[in-house]
Amino acid sequence: MSDTTHNTPLVELRDISIAFGGIKAVDHASTDLFPGEVVALVGHNGAGKSTLIKILSGAYKRDSGKIFINGEEAQIENPRDAKRYGIETIYQTLAVADNVDAAANLYLGRELQTAWGTLDDIAMEAEARKVMGRLNPNFQRFKEPVSKLSGGQRQSVAIARAILFNARILIMDEPTAALGPQETEQVGDLIKQLKKEGIGIFLISHDIHDIFDLADRVTVMKNGQVVGYAKTSDVTKDEVLGMIIMGKCPPGAIPGPGALQTA
Amino acid sequence: MREDGGVLVNQSTTKTTTGAGRVDREGLFIRFMRATEVDVRLLGMIAALLTIWVGFHLYGELVLGRGSFLTARNIWNLSVQTASIGVMATGMVLVIVTRHIDLSVGSILGFCAMMMAIIQVWILPEYLGLGHPLIWIIAVVSGLLIGALIGGFHGYLVAYLGIPAFIVTLGGLLVWRGAAFLLARGETISPVDSTFSLLGGGPYGSIGSTGSWVVGILICIGIVALMLVGRRQRQRYDFPLRPMWAEIFLGLVGCGVTVGFVMLVNSYPWPIGIVRQYAAANNLETPVKEIFISHGFAIPVLILIAVGIAMTFLTSRTRFGRYVFAIGGNPEAAELAGINTRWVTVKIFALMGFLCGLSAVIASARLNSATNNLGTLDELYVIAAAVIGGTSFAGGVGTIYGAVLGAIVMQSLQTGMVLIGFDAAIQQMVVGGVLVFAVWIDTMYRARAK
């Protein structure tokens, strides 16, 4: 897959398949991710990107295939397992609990507790103010349920939750879909900053400019199969579009099982 | 329980505040609400409750020539009658918040009551002897345990087998009622253990004047302590504080209501017959007419207060409570956040069952017997109490104090109609109408809040 095989990848998805009612949503797909690297997963709607990534984050159970974290096989059956491996996910649907406030969402499932075993809301809110201050300095609505927030604000809550727990592997499924240009830029800066900290990031995006701006490599999917892998420095935007639309692998890319067979 | 008294003080203060400055009335009111952080819904419910109370009293006063609603005796009885429904309503909040329903609570109550009666009347006296002090403890513990197990079983069917809660508990409604009938072959088991029967209230099942003062003062200390701790916490993290006047106002309201309620239950004396019995048993020389023995808090009311506090703590201060509300708001997000939603569901239903067991203790102790129809239709009153108290069927929204207030509203309607001599048939119709009306008001409120 990748040509940087001399060290072990942070994540390796090997031969993953899953079917929903006879439809092969992901069909023997493989990809990998190294520390401090951004790998973009691209493809049409329904190409299987989100499904593949949900298998890594534990939201779906794969039918076959293996997941390796730091070269060791990982058992990921549910979201809790994934979090134990340091995998944090920002979902396309955001997946925030609408009726509780930002701090409660940031710590959902991992609440801070006092010595008495009760929730330490004040400490959580203080911590939330710090994280959100870094991410979105304008954010002030800590007391309100998340349902009252704007799309961009909800997005920042979802992102803050992912980075709060020192994730090693970050999955971002369309992280900028609900954002304005300024907020999108902030997310871009954030991704670059996280990269420097050595976090590996899987990025799902439809925006080809974002991808070339942020990602080191792309994995292109079509109809549940991997068309090919490429370094963003080795291919052009048009070539990647060609992979997405026609499944045609350019010379700069390594073809996968889904590549168009050129006779 | 202290909410119902608090109503009076709270309401009158609001009125004077709003009346004082007509011009900036709205400004003042909003400022008052913001400073005290009092919920508008809470005020609305309190107003509704007051209207019901005063309405029934005035109706009695004007039409029947004798207002009997706002008397120490009636309020005391009302508080005891509310206990059983109120206890279950606090659990129903959690069930409805997570978008489930429990139709089986009345039947679980009946089944637990029957089991406890069998244990303490048919089984234990044979081994321990009649009136053994362990009997009531074993009976209560087994009743609570049976309730929790049944609830947990329902929760398992809902969470792990994916059967809708409506169906599981509809089945439970029939199954446990039938099981209770089979257990006792349809008999009424009576009388229950004499210590056990104290848990149902009555003159002997109340803690008297001194005890009530102790409880009241403890509650006041608790209110003040909570406010101090809260204020210190906010200071520590530099969060905005309530203005001092608002803190003092809330503290005074809380303590005032508590003290008022203590005085109320203490002003209701034992009936003359019981006093005579008591005087004879204790060889008192004083003429019976001159003896004034206060009821004080009835034990079921104390149970309800304790359950209310415990459940409020559980929902607002623990992980479990946080998860319940997160699941109610967005079940998928909760699952993705790593919450074991299925296990939480089992725990919610088990807790509901446990509270049914507790209500079974109160209800059967109050009647001094376990009858086959104990708790019939309770599920509807419990659901109504939770919903009137602001628990939303859309999930994710609901409060414990609201449910307790809702239970008081339901019971007030019921009691009031009995006092002014309405038919059972009319009572049912009114209760049904009020339920629909309350939910309509709630829907409108939410639509406007958006």
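Please read these numbers as outputs of a predicted model, since none were measured by experiment.

(A) How the structure looks around the overall build of chain B. A count of helices and strands for chain B gives 18 helices and zero strands. In terms of overall dimensions, chain B is globule-like: its C-alpha atoms have a radius of gyration of 23 Å, near the 22 Å expected for 450 residues. By principal-axis analysis of the C-alpha atoms, chain B measures approximately 70 × 65 × 50 Å. Here chain B, with 450 residues, has 46% of them falling under the buried criterion. Taking all contacts inside chain B whose residues are at least 6 apart in sequence as the whole, residues at least 24 apart take part in 79%.

(B) Focus on the confidence of the model for chain A. Residue and element names in this part refer to chain A. Residues at a pLDDT of 70 or more form 97% of chain A, whose mean pLDDT is 86. The least confident element of chain A is helix α5 (residues 151-164), whose mean pLDDT is 82; the most confident is strand β3 (residues 38-42), at 93. In the predicted structure, residues 1-5 sits below a pLDDT of 50 and forms eight contacts with residues beyond four places in sequence or in another chain.

(C) Looking closely at the domain arrangement of chain A. Residue and element names in this part refer to chain A. Domain annotation for chain A reports domain 1 (1-86 + 167-181 + 195-263) and domain 2 (101-164). Taking only C-alpha atoms into account, the centre of domain 1 sits 29 Å from that of domain 2. Taken residue by residue, the interface counts six residues in domain 1 and six residues in domain 2. When the residues that make up the side of domain 1 that touches domain 2 are grouped by side-chain class, the tally is five nonpolar, one polar and no charged.

(D) View of helix α4 (residues 72-97) of chain B. Residue and element names in this part refer to chain B. Here α4 contains 26 residues, and its C-alpha end-to-end distance of 35 Å stays within 8% of the 38 Å for a straight helix at 1.5 Å per residue. The largest bend along α4 measures about 40° and falls at Ala83. Summarising burial for α4: 22 of the 26 residues are buried, a large majority. Among the residues trailing α4, Arg99 stands out with phi positive, at a value near 70°.

(E) Structural detail: the sheet that holds strand β10 (residues 225-231) of chain A. Residue and element names in this part refer to chain A. Read across the open sheet, the seven strands follow the order β6-β7-β8-β3-β9-β10-β11; overall the sheet is mixed. Among the strands making up the open sheet, the edge pair consists of β6 (87-90) and β11 (254-255). Its contacts with the sheet place helix α6 (residues 181-196) against β3, β7 (169-173) and β8 (200-204), and it is angled at close to 150° to β8. Helix α8 (residues 237-246) contacts β3, β9 (217-222) and β10 of the sheet and is inclined by roughly 25° relative to β9.

(F) Broad picture of the interface of chain A and chain B. Taken together, the 19 residues of chain A in the interface contact 21 residues of chain B. Counting only elements with at least two residues in the side of chain A that touches chain B, the list comes to α2 (79-84) and α4 (121-135) of chain A. Looking at the side of chain A that touches chain B element by element, the count peaks at three residues for α2 of chain A. Per-class residue counts for the side of chain A that touches chain B are twelve nonpolar, three polar and four charged.

(G) Seen up close, the pairing of strand β2 (residues 23-33) of chain A. Residues and elements named next belong to chain A. In this sheet, β2 lies alongside strand β1 (residues 11-20) in antiparallel orientation, the contact comprising seven bridges. Residue Leu13 lies in a different strand from β2, and its bridge partner there is Thr31. Counted along the chain from β1 to the antiparallel partner β2, the turn is two residues long, and its residue Gly21 has a positive phi close to 50°.

(H) Highlighting the environment of Gly152 of chain A. All names here are of chain A. With respect to the helices and strands, the residue Gly152 is situated in helix α5. Residue class for Gly152 comes out buried when judged on the 20 C-beta atoms lying within 10 Å of it. Separated by 32 residues in sequence, Gly152 and Thr184 have C-alpha atoms that sit 9.3 Å apart. Those residues in contact with Gly152, other than ones at most four positions away along the chain, are Ala178, Leu179, Gly180 and Glu183.

(I) Expanded view of helix α5 (residues 105-128) of chain B. Residue and element names in this part refer to chain B. Taking the largest bend as the criterion, α5 deviates by roughly 35°, centred on Ile119. Summarising burial for α5: 17 of the 24 residues are buried, a large majority. Just past α5, the residue Gly129 takes up positive phi, approximately 90°.

(J) Up close: the sheet that holds strand β5 (residues 72-73) of chain A. All names here are of chain A. Judged by pairing direction, the sheet is antiparallel, and its four strands sit side by side in the order β2-β1-β4-β5 without closing on themselves. Because the sheet does not close on itself, it has two edges, and the strands there are β2 and β5. Examined bridge by bridge, strand β4 (residues 64-69) and β5 share two bridges and lie antiparallel to one another. Residue pairing in the sheet places Phe68 in a bridge with Glu73 of β5. Helix α1 (residues 49-56) rests against β1, β2 and β4 of the sheet, and its axis sits at about 115° to β1.

(K) Seen up close, the nonpolar core. Among the nonpolar cores identified, the biggest contains 196 residues, and Ala89, Met92 and Ala385 of chain B are the most heavily contacted of them. Inspection of this core shows a minimum of three residues originating in each of domain 1 (1-86 + 167-181 + 195-263) and domain 2 (101-164) of chain A. When neighbours within four sequence positions are excluded, Met92 of chain B is seen to be in contact with Asp102, Met352, Val382, Ile383, Ala386 and Ala403 of chain B.

(L) Structural detail: the packing of α4 of chain B against helix α12 (residues 299-317) of chain B. All names here are of chain B. In contact at an axis separation of 8 Å, α4 and α12 are set at 25° when each is read in the N-to-C sense. As far as their axial angle goes, α12 and α4 are roughly parallel. In the crossing of α4 with α12, the sense of the turn from one axis to the other is left-handed. Here Ser79, Val80, Thr82, Ala83, Gly86, Val87 and Thr90 of α4 lie close against α12, whose contacting residues are Pro300, Val301, Ile303, Leu304, Val307, Gly308 and Met311. Tallied by class, the residues present in the contact of α4 with α12 amount to nine nonpolar, five polar and no charged.

About the thresholds
Residues numbered from 1 in each chain as written. Chains lettered and ligands numbered in written order. Predicted model: local features only at pLDDT ≥ 70, side-chain atom pairs only at ≥ 80, totals over all residues. Helix = DSSP H or I, 4+ residues; strand = E, 2+ residues; numbered from the N terminus. Rg over C-alpha atoms; globule rule 2.2 N^0.38 Å. Buried ≥ 20, exposed ≤ 12 C-beta atoms within 10 Å, placed from the backbone. Contact = placed C-beta atoms within 7 Å. pLDDT = per-residue confidence, 0-100. Domains from an automatic or database assignment. Nonpolar A, V, L, I, M, F, W, Y, C, P; charged D, E, K, R; others polar. Expected span 1.5 Å × (residues − 1). Bend = angle between axes of the 7 residues up to and from the residue. Pairing = 2+ DSSP bridges. Axes fitted to C-alpha atoms, helices over the stretch in contact; angles between N-to-C directions. Core = buried A, V, L, I, M, F, W, Y, C linked by C-beta atoms within 7 Å. Parallel < 35°, antiparallel > 145°, perpendicular 65-115°, else oblique. Left-handed = near helix turned anticlockwise from the far one by under 90°.

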